[in-house]
Number of protein chains: 2
Amino acid sequence: MTLLDKITEKVLAQIDDTGFTQSGAFNLRHNGIALCHGDSEHIKIKKKQDKPGIDIFIDGKTDGEEVHIPVVVDASGMTDVVYNDFYVAEGANVTIVAGCGIHNSGCNESRHDGIHTFHVEKNANVRYVEKHYGEGEGTGTRVLNPVTEVYLGKNSVFTLDTAQIKGVDSTVRENNVHLEAGSKLYVIEKLMTHGKQEATSNMMVELLGEGSSAQIVSRSVAKGESRQIFHPRAVGKNRCHAHVQCDSIIMDHAEVSSIPEINAKHVDAAIIHEAAIGRINDEQLIKLRTLGMTEEEAEGVIIENFLN
Amino acid sequence: MTLLDKITEKVLAQIDDTGFTQSGAFNLRHNGIALCHGDSEHIKIKKKQDKPGIDIFIDGKTDGEEVHIPVVVDASGMTDVVYNDFYVAEGANVTIVAGCGIHNSGCNESRHDGIHTFHVEKNANVRYVEKHYGEGEGTGTRVLNPVTEVYLGKNSVFTLDTAQIKGVDSTVRENNVHLEAGSKLYVIEKLMTHGKQEATSNMMVELLGEGSSAQIVSRSVAKGESRQIFHPRAVGKNRCHAHVQCDSIIMDHAEVSSIPEINAKHVDAAIIHEAAIGRINDEQLIKLRTLGMTEEEAEGVIIENFLN
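As recorded by an unreviewed UniProt entry, chain A carries the name SufD family Fe-S cluster assembly protein and is attributed to Coprococcus comes.

As structure tokens, then:
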């Protein structure tokens, strides 16, 4: 077992809720290098030969297993670009825990761009969990630009559970999902920004196959002078169903922009979008304060509930 | 009283629901020329000297009066651009009935671009009704590109009731509204397209003043191979409230795109957006057909109810 330093362990605890252990199928990328890795009976991880990154092969007998592939960057001034490809075989049932944490104690920008591509075969069920987190006493910014490309085969199910907890100065997220007949997409996005942070979330959901469906729930909190831009798109090219819901709380001098796009190109495409931006619920605040909480504590509870 | 020809009378009946009579304050523009016009005690209409169009002065004592300013284009191949400015004095209460109808029996494009600017002083209440309509046995296209710019003074109220009934081959609508403190905007938009028609509706609502509010309801039906694009924007720069709702029915091989944008730049800006695109309600169809209606009749009833 590879011995990990304290900073890496601390960051891992933030980005991997279920706990990172060096068992089963796993790969820990640290400052651009695979620090440790393991395969399981049904899941094999191979280093790419042509560019940085790994190929993850999940066979059809995988049933309920987890793969953990966290990334930690703690070298100030580093730009780490990685390409990870997931090949999920017909009928597999798998949970993939990704996530990236940056610890920047220097004065230069630390940046991680993870480009993840999922090739999901028919009847497979994938749960993909990613957490983004930044910390560090340095003045260097922490930048995360994840790109997630998902191809869903017939009757497959993909759940994208993505969260940016805190400490990320700048992020531009791209999620593109292409759905074949009968496939289902569930997206849960949580985003919190503070200070002068900026976050852009772009999502393109292409409902190509008959009977495909997508349900997207995005919740965000913008504090301080931070700025958030949401640009989810759902395009229905067949009999399909999509529901996009974005709710944001703004605080202080923050700014939130929501620019969804719903596009029906087929008479049996049914697409719904709902978005709301507003301040924190005053009645809840008052209620919690009468219970003895400070304003800050009460806000904390409301935000936690809103995001979870 | 000016005698009007049959085509003009027929088109007027389509675009002016309350009935166009040559009394009170009115101005009928026909193929780029004011065919007849009249003032009332409180409302004066003056021809612009520097460009085509009129200035309409509505004084503060106006209370419940209507002004009718329809436009008819029946010369094939004509492009008519007109600039109308409305000066609504403090406390006035007025209904403005505009609207444009094109009768094109030729093979060339007939087009009308009406650029309307409203200067609404405080406490005034304006109801602005516009209908757009095209007809004619010719192969020439009928194009309408209305631009409406509205400046709302303190505590004023503006209701925009806009409808495109049928027969308009191509339209790009621009509505820009700027709201000062306490002012209120209500928009009701109805749009129906058929054949190979194309319609784009852009709207920008800028909530500048404290306590300003906007409520926008847009309903559309896209038939045949027609295409519709909606792009409503609501920007809150103060304590304000906005609700944007867009519902569309698609039929046949039509295509509808809805790209709203809500942008909160103030902690007390509350903005909500809802959009839905879907096919005609099947249950209602079946119910009406069991009552003896043909499929076409049943669809007609459902569409009429949806739009009204």
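*Asks:* Where do I start with the nonpolar core in this structure?
*Replies:* Generally speaking, a soluble globular protein has its nonpolar side chains buried in company with each other. Counting residues in hydrophobic clusters, the biggest one holds 100 residues, and the most contacted among them are Ile96 and Phe158 of chain A together with Ile96 and Phe158 of chain B. Aside from chain neighbours lying at most four places away, what touches isoleucine 96 of chain B is Ile58, Val67, Ile69, Phe86, Phe118, Val126, Arg127, Tyr128 and Val129 of chain B.

*Asks:* Any chance you could explain the environment of isoleucine 277 of chain B here in plain terms?
*Replies:* Note on placement: isoleucine 277 of chain B falls in strand 23 (residues 269-278). Classification of isoleucine 277 of chain B as buried rests on a relative accessible area of 4%. Isoleucine 277 of chain B sits 20 residues away from serine 257 of chain B along the chain, and the two C-alpha atoms are 8.5 Å apart. Setting aside its immediate chain neighbours within four residues, isoleucine 277 of chain B contacts Ile262, Asn263, Ala264, Ala269, Ala270 and Ile271 of chain A together with Ser248, Ile250, Val256 and Ser258 of chain B.

*Asks:* Teacher, can you tell me more about the interface of chain B and chain A here?
*Replies:* Interface extent is often summarised as the accessible area lost during association of the parts. Taken together, the 29 residues of chain B in the interface contact 29 residues of chain A. Buried area between chain B and chain A, both sides added, is near 2300 Å², and the carbon and sulfur share of it is 47%. Of all residues in chain B, the largest losses of buried area upon contact with chain A belong to Ile262, Val267 and Ile277 of chain B, amounting jointly to 22% of the total for that side. Taken together, the connections running from chain B to chain A amount to four salt bridges. Between arginine 279 of chain B and aspartate 268 of chain A there is a salt bridge, with the nearest N and O atoms lying 2.8 Å from each other. Where chain B meets chain A, there are 15 residue pairs in polar contact (both at pLDDT 80 or more). Listing elements by their share of the side of chain B that touches chain A, those giving two or more residues are strand 21 (255-258), strand 22 (261-264) and strand 23 of chain B. Here the residues of the side of chain B that touches chain A are counted per class, giving 16 nonpolar, six polar and seven charged. As defined by bridge partners, strand 22 (residues 261-264) of chain A adjoins strand 21 of chain B across three bridges and the pair is classed as antiparallel.

*Asks:* Explain the pairing of strand 7 (residues 79-88) of chain B to me, please; I cannot follow it from the model alone.
*Replies:* A regular strand places its side chains so that they alternate between the two faces of the sheet. Summarising the sheet, strand 4 (residues 54-58) of chain B and strand 7 of chain B pair through four bridges and their orientation is parallel. Following the sheet pairing, isoleucine 58 of chain B is matched in strand 7 of chain B by valine 88 of chain B.

*Asks:* I would appreciate a short explanation of the UniProt feature "domain: SUF system FeS cluster assembly SufBD core" (unreviewed entry) in chain A in the present structure.
*Replies:* The UniProt feature table records "domain: SUF system FeS cluster assembly SufBD core" (unreviewed entry) at residues 88-306 of chain A. With 10% helix and 59% strand, residues 88-306 of chain A has end C-alpha atoms that lie 33 Å from one another.

*Asks:* How do you make sense of the pattern of salt bridges when you look at a structure like this?
*Replies:* Two side chains of opposite charge can pair, provided their charged atoms sit close to one another. Residues and elements named next belong to chain A. Counted according to the given criterion, the structure contains 37 salt bridges over all chains. Linking lysine 10 and glutamate 135 is a salt bridge whose minimum nitrogen-to-oxygen distance equals 3.3 Å. In this pair, lysine 10 sits in helix 1 (residues 6-15) while glutamate 135 sits in strand 11 (residues 125-135), placing the two residues 125 residues apart along the sequence. Notably, a salt bridge pairs glutamate 225 with lysine 196, separated by 3.2 Å at the nearest N-O pair. One end of the pair, glutamate 225, is in the loop between strand 18 (212-222) and strand 19 (227-236); the other, lysine 196, is in the loop between strand 16 (184-193) and strand 17 (198-207), with 29 residues separating them in the sequence. Using a relative accessible area of 46% as the deciding quantity, one classes glutamate 225 as partly exposed. Connected via shared salt-bridge partners are Lys48, Asp55 and Asp85.

*Asks:* In this structure, what is going on with the state of the cysteines? I would like to understand it.
*Replies:* Covalent bonding between the sulfur atoms of two cysteines is what defines a disulfide. Residue and element names in this part refer to chain B. Within this structure, the stated rule accounts for zero disulfides over all chains. Looking at the unpaired cysteine 36, the closest cysteine sulfur is the one in cysteine 100, lying at 15 Å. Free of any disulfide, cysteine 107 has its nearest neighbouring cysteine sulfur in cysteine 100, separated by 20 Å. Judged by its relative accessible area of 59%, cysteine 107 is exposed.

*Asks:* Can you walk me through the relation of the copies chain B and chain A in this structure?
*Replies:* To go from the first copy of the chain to the second, apply a rotation about an axis and then a shift along the same axis. Here chain B sits on chain A after a turn of 180° about the axis and a move of 0.0 Å along it, with an RMSD of 0.0 Å. Here the copies are linked by what is in effect a two-fold axis. By C-alpha distance to the rotation axis, the residue of chain B lying nearest is glutamate 274 of chain B, at 2.2 Å.

*Asks:* How do you make sense of the packing of aromatic side chains when you look at a structure like this?
*Replies:* Ring pairs (aromatic) are described by centroid distance and by the angle formed between their planes. Counted according to the given criterion, the structure contains 14 aromatic pairs over all chains. The interplanar angle of 15° and the centroid separation of 5.2 Å between the aromatic rings of phenylalanine 57 of chain A and tyrosine 87 of chain A together place this pair among those described as stacked. Here the residue phenylalanine 57 of chain A occupies a position in strand 4 (residues 54-58), and tyrosine 87 of chain A occupies one in strand 7 (residues 79-88), the gap between them amounting to 30 residues. Among the residues examined, phenylalanine 57 of chain A registers a relative accessible area of 33% and is labelled partly exposed. Owing to a relative accessible area of 32%, tyrosine 87 of chain A belongs among the partly exposed residues under this scheme. The interplanar angle of 65° and the centroid separation of 6.2 Å between the aromatic rings of phenylalanine 86 of chain B and tyrosine 128 of chain B together place this pair among those described as edge-to-face. Linking phenylalanine 86 of chain B in strand 7 with tyrosine 128 of chain B in strand 11 (residues 125-135), this pair joins segments that are 42 residues apart in sequence. Summarising the burial analysis for this pair, phenylalanine 86 of chain B and tyrosine 128 of chain B share the class buried. Site record: aromatic cluster; members linked through ring pairs are Phe86, Phe118, Tyr128 and Phe158 of chain A.

*Asks:* Would you mind showing me how to read the pairing of strand 3 (residues 43-47) of chain A here?
*Replies:* Note that strand 3 of chain A and strand 4 of chain A share five bridges and pair antiparallel. Each bridged residue has a counterpart across the sheet, and for isoleucine 45 of chain A the counterpart in strand 4 of chain A is isoleucine 56 of chain A.

*Asks:* What exactly am I supposed to notice about helix 2 (residues 282-290) of chain B here?
*Replies:* For the α-helix, the turn length of 3.6 residues means that residues three or four positions removed from each other point alike. Structurally, the start of helix 2 of chain B carries an N-cap: the backbone nitrogen of glutamate 283 of chain B is 3.0 Å from a side-chain oxygen of asparagine 281 of chain B. Immediately beyond the C-terminal end of helix 2 of chain B, within one or two residues, lies glycine 292 of chain B, with a positive phi of roughly 105°.

*Asks:* Would you mind showing me how to read the side chain of serine 156 of chain B here?
*Replies:* Inspection of the secondary structure assignment puts serine 156 of chain B in the loop between strand 13 (147-152) and strand 14 (157-164). For serine 156 of chain B, the side chain forms a polar contact with the main-chain oxygen of glycine 153 of chain B, separated by 2.7 Å.

*Asks:* Just checking my understanding: could you explain the packing of helix 2 of chain B against helix 3 (residues 295-307) of chain B for this structure?
*Replies:* A pair of packed helices is captured by two measures, namely the crossing angle of their axes and the spacing between those axes. All names here are of chain B. Here helix 2 crosses helix 3 at 125°, and the two axes come no closer than 9 Å. By the angle between their axes, helix 2 is oblique relative to helix 3. For the element pair helix 2 and helix 3, the recorded crossing hand is right-handed. Seen from helix 2, the contacting residues are Gln284, Leu285, Leu288 and Arg289; seen from helix 3, they are Glu295, Ala298, Glu299, Val301 and Ile302.

*Asks:* Got a minute to help me understand the side chain of glutamate 206 of chain A in this structure?
*Replies:* Relative to the elements of secondary structure, glutamate 206 of chain A occurs in strand 17. Every residue in contact with glutamate 206 of chain A, bar those within four places of it in the chain, is listed here: Val177, His178, Leu179, Val235 and Lys237 of chain A.

*Asks:* Looking at this structure, how should I read the environment of serine 76 of chain A?
*Replies:* Residue and element names in this part refer to chain A. Position of serine 76 among the secondary structure elements: in the loop between strand 6 (71-73) and strand 7. Residue classification places serine 76 among the partly exposed residues on the basis of a relative accessible area of 30%. Among all residues touching serine 76, those that are not within four sequence positions of it are Asn104, Gly106, Cys107, Asn108 and Ser110. Only 2.7 Å separates the side chain of serine 76 from the side chain of asparagine 104, close enough to count as a polar contact.

Conventions adopted
- Residues numbered from 1 in each chain as written.
- Chains lettered and ligands numbered in written order.
- Predicted model: local features only at pLDDT ≥ 70, side-chain atom pairs only at ≥ 80, totals over all residues.
- Heavy atoms only, no water.
- Core = buried A, V, L, I, M, F, W, Y, C linked by side-chain atoms within 4.5 Å.
- Buried < 20%, exposed > 50% of the residue type's maximum accessible area, 1.4 Å probe, protein only.
- Contact = heavy atoms within 4.5 Å.
- Helix = DSSP H or I, 4+ residues; strand = E, 2+ residues; numbered from the N terminus.
- Buried area = accessible area lost by both parts, 1.4 Å probe.
- Salt bridge = Lys/Arg side-chain N within 4 Å of Asp/Glu carboxyl O.
- Polar contact = N/O pair within 3.5 Å; in protein donor to acceptor, adjacent residues only side chain to side chain.
- Nonpolar A, V, L, I, M, F, W, Y, C, P; charged D, E, K, R; others polar.
- Pairing = 2+ DSSP bridges.
- UniProt positions renumbered as here; feature names shortened; annotations may be inferred.
- Disulfide = S-S within 2.5 Å.
- Least-squares fit on C-alpha atoms with pLDDT ≥ 70 in both.
- Phe/Tyr/Trp six-rings, centres within 6.5 Å; stacked < 30°, edge-to-face > 60°.
- Axes fitted to C-alpha atoms, helices over the stretch in contact; angles between N-to-C directions.
- Parallel < 35°, antiparallel > 145°, perpendicular 65-115°, else oblique.
- Left-handed = near helix turned anticlockwise from the far one by under 90°.

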